Amino acid sequence: MNDSAAVPGADEVEVSALAINVTVPESLQWHDSRRGEEFLLTSINVRLLPDGHVAAKAYGRPMAGGRGGYTSFRVPDRPELAALIDAAATRAAQMWSSHRGLG
């Protein structure tokens, strides 16, 4: 029995999300607060939208210590952060385009 006949072609596969996590270099990290708690933002989650644009949310850890909640923050409109997101998306595209399948 040939199971490959049941496998759809690349054009038929529905990809519901494509996301990457980017570490924010220390020099670009920033603080924000939520519900009276201050956070240090150290990573950005970047999602590829269906129209080809990207969306980004920042995550970090409470300044007071501990794990804190998994809380997202808006990425500030700063040219250096936009450049980081753009560079990360471009690098991720390069990495995805050269994937070698399951290990």
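This is a predicted model, so every value here is computed, not measured. (Residues numbered from 1 in each chain as written. Predicted model: local features only at pLDDT ≥ 70, side-chain atom pairs only at ≥ 80, totals over all residues. Heavy atoms only, no water.)

1. Observations regarding the side chain of Asn 45
So, point 1. Inspection of the secondary structure puts Asn 45 in strand S3 (residues 37-48).
So, point 2. Reaching out from Asn 45, the side chain makes a polar contact with the side chain of Asn 21 at a distance of 2.9 Å. (Helix = DSSP H or I, 4+ residues; strand = E, 2+ residues; numbered from the N terminus. Polar contact = N/O pair within 3.5 Å; in protein donor to acceptor, adjacent residues only side chain to side chain.)

2. Points about the pattern of salt bridges
So, point 1. Within the structure shown, the criterion is met by 1 salt bridge.
So, point 2. Note that Arg 78 and Glu 80 form a salt bridge whose closest N and O atoms lie 2.8 Å from each other.
So, point 3. By relative accessible area, which is 22% here, Arg 78 ends up partly exposed.
So, point 4. With a relative accessible area of 35%, Glu 80 lands in the partly exposed category. (Salt bridge = Lys/Arg side-chain N within 4 Å of Asp/Glu carboxyl O. Buried < 20%, exposed > 50% of the residue type's maximum accessible area, 1.4 Å probe, protein only.)

3. With respect to unusual backbone geometry
So, point 1. Residue Arg 35 is not a glycine yet carries a positive backbone phi of 50°.
So, point 2. Within the secondary structure, Arg 35 is located in the loop between strand S2 (30-34) and S3.

4. Things to note about the packing of aromatic side chains
So, point 1. In this structure the tally under the stated criterion is 1 aromatic pair.
So, point 2. Seen from the ring of Phe 73, Arg 34 lies directly overhead, with NZ or CZ sitting 4.4 Å from the centre. (Phe/Tyr/Trp six-rings, centres within 6.5 Å; stacked < 30°, edge-to-face > 60°. Lys NZ or Arg CZ within 6 Å of the ring centre and 35° of its normal.)

5. Regarding the nonpolar core
So, point 1. Counting 17 residues, the largest nonpolar core has Val 24, Trp 30, Ile 44, Val 75 and Leu 81 as its most contacted members.
So, point 2. Here the element with the most residues in this core is helix H1 (residues 79-97); it accounts for 5 residues.
So, point 3. Excluding residues within four positions of it along the chain, Ile 44 makes contact with Ile 20, Asn 21, Val 22, Val 24, Trp 30, Ala 56, Lys 57, Ala 58, Val 75, Leu 81, Leu 84 and Ile 85. (Core = buried A, V, L, I, M, F, W, Y, C linked by side-chain atoms within 4.5 Å. Contact = heavy atoms within 4.5 Å.)

6. Considering the environment of Arg 34
So, point 1. Summarising the element assignment, Arg 34 is placed in strand S2.
So, point 2. Take Arg 34: its relative accessible area is 29%, and that puts it in the partly exposed class.
So, point 3. For the pair Arg 34 and Pro 62, spaced 28 residues apart in sequence, the C-alpha separation works out to 9.7 Å.
So, point 4. When near neighbours in sequence (up to four residues on either side) are disregarded, Arg 34 contacts Phe 39, Thr 71, Ser 72 and Phe 73.

7. Looking at the pairing of S3
Remember that side chains alternate between the two faces of the sheet whenever the strand is regular.
So, point 1. Note: strand S1 (residues 19-23) against S3, 5 bridges, orientation antiparallel. Following the sheet pairing, Ala 19 is matched in S3 by Arg 47.
So, point 2. Summarising the sheet, S2 and S3 pair through 5 bridges and their orientation is antiparallel. Bridge pairing links Asp 32 to Phe 39 in S3.
So, point 3. A loop of 2 residues connects S2 with S3, the two strands running antiparallel in sequence, and Arg 35 in this loop sits at a positive phi of about 50°.
So, point 4. Direction of pairing for S3 relative to strand S4 (residues 54-62): antiparallel, over a ladder of 9 bridges. When the bridges of S4 are listed, Ile 44 appears paired with Ala 58.
So, point 5. Hairpin remark: S3 followed by S4, antiparallel, with 5 residues in the connecting loop; positive phi at Gly 52, about 95°. (Pairing = 2+ DSSP bridges.)

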